[in-house]
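# Coordinates in review
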Amino acid sequence: MHLQIITTGGTFDKVYFDALSEFSIGDPAAEAILHNINPNLSWEVTSLLRKDSLELTDADRELIYQTVVNSPAEHLVITHGTDTMTQTAQQLKDISGKTVVITGAMLPALCKQTDAEFNLGGAIALAQTLPHGVYIFMNGRVYDPDKVTKNRAAKQFQDA
């Protein structure tokens, strides 16, 4: 079993940038998380983009699409900003022969009380067990990209 993790930035990879407590996108947090938990599978992390998902363009989504299509891996996890992950998931829906699970975090992975590690672990497990297709995993649930929305007030994803 080989898993490819593609990182695109978003809150998952944000770090404090300066004394004003502004955030910027840092190195892929998935790499450090996986080294710490030592999963029993082969994996690689591809740092594709370092953007807030609100800054992703159609060209960025096409790059994500081509990266997934051209990946030799059958099982992929994409870490992504939560604001536009559904748009990216919808663009990937027609990819066949692969299981793609997109996840993110409401707080940066480097924060003590983040959901990043939980979401990454869940996405890794799901990428190994779900049938081929594209899914979103957030807040302990698996979602169809066409039937989910982000509820900012509740800080959760929910059925659309």
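Note that the coordinates shown come from a computational prediction; the quantities given were computed from them, not determined experimentally. (Residues numbered from 1 in each chain as written. Predicted model: local features only at pLDDT ≥ 70, side-chain atom pairs only at ≥ 80, totals over all residues. Heavy atoms only, no water.)

Another aspect to go through is helix α1 (residues 29-37). Taken as a whole, α1 has its buried residues at A29, A30, I33 and L34. Axial view of α1: buried residues confined to an arc of 125°, hence all on one face. The exposed residues of α1 that point more than 90 degrees off its buried face are H35 and N36. On its buried face, α1 sits against β1 (2-9), β4 (42-51) and α4 (116-129). Looking at the residues trailing α1, positive phi occurs at N38, about 50°. (Buried < 20%, exposed > 50% of the residue type's maximum accessible area, 1.4 Å probe, protein only. Helix = DSSP H or I, 4+ residues; strand = E, 2+ residues; numbered from the N terminus. Arc of directions from axis to C-beta. Contact = heavy atoms within 4.5 Å.)

At a closest axis distance of 11 Å, the pairing of α1 and α4 adopts a crossing angle of 75°. In this view, α1 runs roughly perpendicular relative to α4, as classed from their interaxial angle. Counting all contacts with α1, which are made through A30, I33 and L34, the residues of α4 involved are E117, L120 and I124. Looking at the contact of α1 with α4 residue by residue, the classes come out as five nonpolar, no polar and one charged. (Axes fitted to C-alpha atoms, helices over the stretch in contact; angles between N-to-C directions. Parallel < 35°, antiparallel > 145°, perpendicular 65-115°, else oblique. Nonpolar A, V, L, I, M, F, W, Y, C, P; charged D, E, K, R; others polar.)

What follows covers the packing of aromatic side chains. Per the counting criterion, the structure on display carries one aromatic pair. An angle of 40° between the planes, with centres 6.0 Å apart, marks the rings of F118 and F137 as tilted. Linking F118 in helix α4 with F137 in strand β7 (residues 133-138), this pair joins segments that are 19 residues apart in sequence. (Phe/Tyr/Trp six-rings, centres within 6.5 Å; stacked < 30°, edge-to-face > 60°.)

This brings us to the packing of helix α2 (residues 58-70) against helix α3 (residues 85-92). The geometry of α2 relative to α3 is characterised by a closest axis approach of 10 Å and an angle of 50° between their N-to-C directions. Considering the angle they form, α2 stands oblique to α3. Our pair here, α2 against α3, has a crossing hand that is right-handed. Each of R61, E62, I64 and Y65 in α2 lies in contact with α3, whose residues at this interface are Q87, T88, Q91 and L92. Across the contact of α2 with α3, the residue classes tally to three nonpolar, three polar and two charged. (Left-handed = near helix turned anticlockwise from the far one by under 90°.)

Take unusual backbone geometry next. The phi dihedral of N139 falls on the positive side, at around 55°, and the residue is not glycine. On the secondary structure map, N139 appears in the loop between β7 and β8 (141-143). Not every positive phi belongs to a glycine, and K155 is a case in point at roughly 55°. Take K155: it is sitting in the loop between β9 (148-151) and β10 (156-159). Take K155: its relative accessible area is 59%, and that puts it in the exposed class.

Let us now look at the layout of surface pockets. Considering only enclosed or pocket space, the largest pocket measures out at about 200 Å³ in volume. Together, 16 residues line the largest pocket, and T11, T82, A105, M106 and L107 are the ones closest to its centre. Of the residues that constitute the lining of the largest pocket, the class distribution is three nonpolar, seven polar and six charged. (1 Å grid on protein atoms, 1.4 Å probe; cavity = no way out; pocket = protein on both sides within 12 Å on 5 of 7 lines; lining within 4 Å. Points joined across faces, edges and corners; volume = space filled by probe spheres on them.)

That is the geometry; function is a separate question.
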